[in-house]
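Here is what each chain is made of, one letter per residue.
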Amino acid sequence: MFKNRNLWAAKAISLQDGCNPVGIACTLWEYGCEASKNGSDTAAICNDPVFKLILFKIMDLCHISEEDGTGSQAFGQFSEAYTECKLIEAGKKE
């Protein structure tokens, strides 16, 4: 891994009390860029516990979950958001 990863882990833990999804998303971006710059490939970043913990906080703030353990609720939420975005893209919804 890379230098100061322990500090990133501490930051990911402290973000669990956060309430600003934009600020947390910026941290996710910064961490991903830092990991990439230090040699982590896509698979390594996607499986990195620091990256995942930050991502889970964003999911929490956006009320995305897998309550039934199958992922069907999360997929339903994804499907709904995707459909909404397609309508917005087509100018059929604001």
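The residue numbering used here restarts from 1 in each chain and proceeds along that chain's sequence as written. Totals for whole chains, interfaces and linings use all residues, but because this is a predicted model, local features are given only for residues with pLDDT of at least 70 and pairs of side-chain atoms are given and counted only at 80 or more. Each side-chain value is derived from all of the structure's non-hydrogen atoms; neither hydrogens nor water enter the calculation.

Visitor: Is there a simple way to think about the overall build of the protein chain in this case?
Guide: Each helix and strand counted, the protein chain has five helices and zero strands in total. Written out in order from the N terminus, the α and β elements of the protein chain read α-α-α-α-α. We compute the radius of gyration over the C-alpha atoms and compare it with the globule rule, which gives 2.2 Å times the number of residues raised to the power 0.38. On C-alpha atoms alone, the protein chain measures out to a radius of gyration of 16 Å, which is more than a quarter above the 12 Å that the 2.2 N^0.38 rule sets for 94 residues. With the principal axes as the frame, the protein chain shows a C-alpha extent of 45 × 30 × 25 Å. Within the protein chain, the proportion of its 94 residues that are buried is 21%. Sequence-distant contacts, at least 24 apart, represent 53% of the contacts inside the protein chain between residues at least 6 apart. Charge assignment: positive for Lys and Arg, negative for Asp and Glu; neither His nor the chain ends contribute. For the purpose of locating charges, the reference atoms are NZ of Lys, CZ of Arg, CG of Asp and CD of Glu. Of the charged side chains in the protein chain, 9 are positive and 13 negative; the average position of the first set lies 7 Å away from that of the second. Helix numbering and strand numbering both begin at the N terminus, where a helix is a DSSP run of H or I of at least 4 residues and a strand a DSSP run of E of at least 2. Think of it in three bands: residues with accessible area under 20% of the maximum for their type are buried, residues over 50% are exposed, and the middle band is partly exposed, with areas taken using a 1.4 Å probe on protein chains only. Working rule for contacts: check all heavy atoms of both residues, and any pair within 4.5 Å makes them a contact.

Visitor: Help me out: how do you make sense of the environment of Gly 91 in this one?
Guide: Looking at where Gly 91 falls in the secondary structure, it is placed in the segment after α5 (72-89). What makes Gly 91 exposed here is its relative accessible area of 61%. Note: C-alpha distance between Gly 91 and Leu 55 (36 residues apart in sequence) is 30 Å.

Visitor: What am I meant to see in the pattern of salt bridges here?
Guide: Should their charged atoms come close, side chains of opposite charge can pair. By definition here, a salt bridge exists when the distance from a side-chain nitrogen of Lys or Arg to a carboxyl oxygen of Asp or Glu is within 4 Å. The tally for this structure, following the rule as stated, stands at five salt bridges. Residues Glu 84 and Lys 93 are paired through a salt bridge, measuring 2.3 Å at the closest nitrogen-oxygen approach. Overall, Glu 84 belongs to the partly exposed group, its relative accessible area being 27%. Looking at Lys 93, the relative accessible area reads 36%, which means it is partly exposed. Here Lys 86 ties to Glu 89 by a salt bridge, and the two come within 3.4 Å at their closest N and O atoms.

Visitor: Teacher, can you tell me more about the packing of helix α1 (residues 5-14) against helix α4 (residues 49-61) here?
Guide: A packed helix pair is summarised by two numbers, namely the angle formed by the two axes and the spacing between the axes. All axes are obtained by fitting lines to C-alpha atoms, using only the stretch in contact for helices, and the reported angles, taken between N-to-C directions, cover 0 to 180 degrees. Axis separation between α1 and α4 bottoms out at 9 Å; the angle between their running directions is 20 degrees. For the element pair α1 / α4, the angle class is roughly parallel. Handedness of the crossing formed by α1 with α4: left-handed. Every residue of α4 that contacts α1 at Arg 5, Trp 8, Ala 9, Ala 12 and Ile 13 is listed here: Pro 49, Val 50, Leu 53 and Ile 54. Each angle receives one of four descriptions, namely roughly parallel if under 35 degrees, roughly antiparallel if over 145, roughly perpendicular if within 65 to 115, and oblique otherwise. In a left-handed crossing the near helix is turned counterclockwise from the far helix by less than a right angle, and in a right-handed crossing that turn is clockwise.

Visitor: Explain the side chain of Lys 57 here, please?
Guide: For Lys 57, the position within the fold is in helix α4. The class of Lys 57 is buried, set by a relative accessible area of 7%. Counted as a polar contact is a pair of N or O atoms within 3.5 Å, where, for protein atoms, one must be capable of donating a hydrogen and the other of accepting one, and residues adjacent in sequence contribute only when both atoms are in side chains. A polar contact is formed between the side chain of Lys 57 and the backbone oxygen of Gly 18, at a distance of 3.5 Å. When sequence neighbours within four positions are dropped, the list of residues in contact with Lys 57 reads Leu 15, Gln 16, Gly 18 and Ile 24.

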